[in-house]
Amino acid sequence: MVLEKKGSARVEAGQRRVLDEATRQRRLTRQLDALEKDNFQDDPLSSLPPPGPTARLPAFSETEEPEKKKRKTRGDHFKQRFRKNFTTLLEEENLSERAEPNYLSAAAPPSSLPPRHFCCVCGFPSHYTCTTCGGRYCSSRCLCTHRETRCLKWTL
Amino acid sequence: MATLVLDNGACTAKIGYSHEAVSIIPNCQFRSKTSRLKTFTANQIDEIKDPSGLFFILPFQKGYLVNWDVQRKVWDHLFGKEMFKVDFSDTSIIITEPYFNFSSIQESMTEILFEEYQFQSVLRINAGSLSAHHYFSSQPSELCCLLVDSGFSFTHIAPYCRSKKMKEGIRRVNVGGKLLTNHLKEIISYRQLHVMDETHVINQVKEDVCYVSQHFYKDMKVSQMKGEENTVVRDYVLPDFSSIRKGFCKPPDEMVFSGKYKTGEQILRLANERFAVPEMLFHPSDIGLQETGIPEAIVDSIQSLPEEMQAHFYQNVVLTGGNTLFSGFRERLEAELRSLAPAHLPVSVLQPQNPISYSWEGGKLLAHSPDYDELIVTRDDYEENGHFICEEKFDM
Ligand SMILES: [Zn+2]
Ligand SMILES: [Zn+2]
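Conventions adopted
- Residues numbered from 1 in each chain as written.
- Chains lettered and ligands numbered in written order.
- Predicted model: local features only at pLDDT ≥ 70, side-chain atom pairs only at ≥ 80, totals over all residues.
- Heavy atoms only, no water.
- Donors = N, O, S within 2.8 Å, 3.2 Å for Na, K, Ca; no water.
- Tetrahedral: all angles 85-135°; square planar, octahedral: opposite > 155°, others 65-115°.
- Pairing = 2+ DSSP bridges.
- Helix = DSSP H or I, 4+ residues; strand = E, 2+ residues; numbered from the N terminus.
- Buried < 20%, exposed > 50% of the residue type's maximum accessible area, 1.4 Å probe, protein only.
- Contact = heavy atoms within 4.5 Å.
- UniProt positions renumbered as here; feature names shortened; annotations may be inferred.
- Salt bridge = Lys/Arg side-chain N within 4 Å of Asp/Glu carboxyl O.

Caption draft 1: Molecular detail of the coordination of the zinc ion (ligand 2). A:Cys130 (SG), A:Cys133 (SG), A:His146 (NE2) and A:Cys151 (SG) make up the full set of protein donors to the zinc ion (ligand 2), lying at 2.0 to 2.4 Å. For the zinc ion (ligand 2), the four donor atoms in the first shell make angles of 97 to 119 degrees at the metal, a pattern classed as tetrahedral.

Quick look at the structure:
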């Protein structure tokens, strides 16, 4: 989850880099996208070692064989349109040209309330902004933790 | 002819015959670390002895059905001999879909139900419409209701005037139970223990310890205090799936505020996490999501509706979906609505006994109502007119 820092986030000689607005926005988008994920770990099935001549398959692999065959015939049966992800489906609906109300127009508008700020380390209300990344912090202790952990490491 | 009612949610399927009781079953497949070659479907999760690191395969994405392979596997299991033993030659189905469901998903749905499973008739309907039917059946004198359906993928605000859905007033807040669990996982992993792979366990933590605060900044202060003055903090004992099958909160009088427990259990200490997580439902902007929370979205919805109806909506706000089960949810929503609504209008937020199965119960009632035959599309209709007849009858 903690990504390697790249060029845009490198600490210059003796001074901290300031992330530009576009980078901050990308970072936020990535954080929000992560909250949509079904899993963070790899599929246990895909992490199995490839079966070699010496690989001992678990006993229930036999019962799983016919399942796999069934899946294949089903795959043939399902035409292309049964295999589209959300983004593709949304684009195909072409909603921006369709009559409202629709999926897009039903989205709740931005809030009219002022934003509230919380320390990105401990979660308590914060009064300070990290000059480097725009993250919030509440105390010098949390700022320290923030700089050592996420401040520049979360950047694309 | 039997009628099967299926509220096909992105996380759980609420399913049962209209003459029986509801069952709530995971609408997904799982793989576990301990038996990696096997895929578990729906309630087979109960066979998994060690669900740590449980891997989820969900048919829905952002609340919409996209993975038909998985959905069919789950339905095969639900309809099959192990569970509902559906006799398709003598069964009709009521099945739910999200608001503004995409047209290609609707077509696939119709096709699969008639052609793959051979149901005798189909009624595709929004879960909210079933909830509205439920509400108006139990409150025959009310003209309007405003549903708040806060589920796994998102939260919808949906106004109904009698059986009519007021589409222009529907609002979607992109905060649901999945986002809350993922956010809780994220902050626990950053602050104390790596739990990013433990969706199943942390979801249970969320259900066991999170609550909706009535005084947010006051609770923030309390949860910062030391020792016994901190009445918010809880220690949660994580399951190890051998001696501890299910996680639980240490009773407050057994809490050790400084130092370690002698018992050697794995503990999560939760303070502001308990109420800051459900707070996303009220203030999505707290995590940078630029949209209104539920109370403001309700006001935005009601203001888009004819003025003479507005008073009725404020008085009949009905809560459905799992997130409304957070302790304090109803009270907080009512208080916030009270302060946002015009002062002369009474505000009343109602929490049904079981907000998760409320729409399923509505489907059950609908199956026995005299209007039912008018609403459905039969096999003959479909064979004669194809998708056209469904577009005519079903208004998503
Ligand atoms: Zn802090
Ligand atoms: Zn920073």
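Caption draft 2: Representation of the sheet that holds strand β15 (residues 234-237) of chain B in the model. Residues and elements named next belong to chain B. Taken together, three strands build an open sheet; the order of strands is β16-β15-β17 and the sheet is antiparallel. With partners counted over all chains shown, the strands left at the sheet margins are β16 (248-249) and β17 (267-270), one partner each. With two bridges connecting them, β15 and β16 associate as antiparallel partners. By the bridge assignment for β16, Tyr236 is matched with Cys249.

Caption draft 3: Main features of the pairing of strand β11 (residues 144-150) of chain B. Residue and element names in this part refer to chain B. The buried fraction of β11 is high, at six of seven residues. Pairing geometry for β11 and strand β12 (residues 155-161), over seven bridges, is antiparallel. Within the sheet, the bridge partner assigned to Leu147 lies in β12 and is Ala158. As judged from the four bridges shared by β11 and strand β18 (residues 317-320), these two strands associate in the parallel manner. Paired with Leu146 across the strands is Val317, a residue of β18.

Caption draft 4: Here's a closer look at the side chain of B:Asn323. On the secondary structure map, B:Asn323 appears in the loop between β18 and α10 (329-340). In contact with B:Asn323, not counting residues within four places along its chain, are B:Ser150, B:Gly151, B:Gly176, B:Gly177, B:Leu180, B:Leu281 and B:Phe329.

Caption draft 5: Examining the UniProt feature "domain: HIT-type" (unreviewed entry) in chain A more closely. Per the UniProt record, "domain: HIT-type" (unreviewed entry) is annotated on residues 119-151 of chain A. Each end of residues 119-151 of chain A is marked by a C-alpha atom, and these two atoms are 12 Å apart; helix forms 30% of the span and strand 12%.

Caption draft 6: Fine view of the pattern of salt bridges. Here the structure, examined in full by the defined rule, presents 18 salt bridges over all chains. One salt bridge connects B:Glu186 with A:Arg150, and the closest N-O pair in it is separated by 2.7 Å. With B:Glu186 in helix α4 (residues 177-191) and A:Arg150 in the segment after α4 (140-149), this pair bridges two chains. Both residues of the pair, B:Glu186 and A:Arg150, belong to the buried class. Here B:Arg332 and B:Glu336 are joined by a salt bridge, their closest N and O atoms 2.7 Å apart. Of this pair, B:Arg332 and B:Glu336 both sit in helix α10, separated by four residues, roughly a single helical turn. Like B:Arg332, the residue B:Glu336 is buried in the burial classification. Through salt bridges with shared partners, a single network forms among A:Arg116, B:Glu279, B:Asp286, B:Arg332 and B:Glu336.

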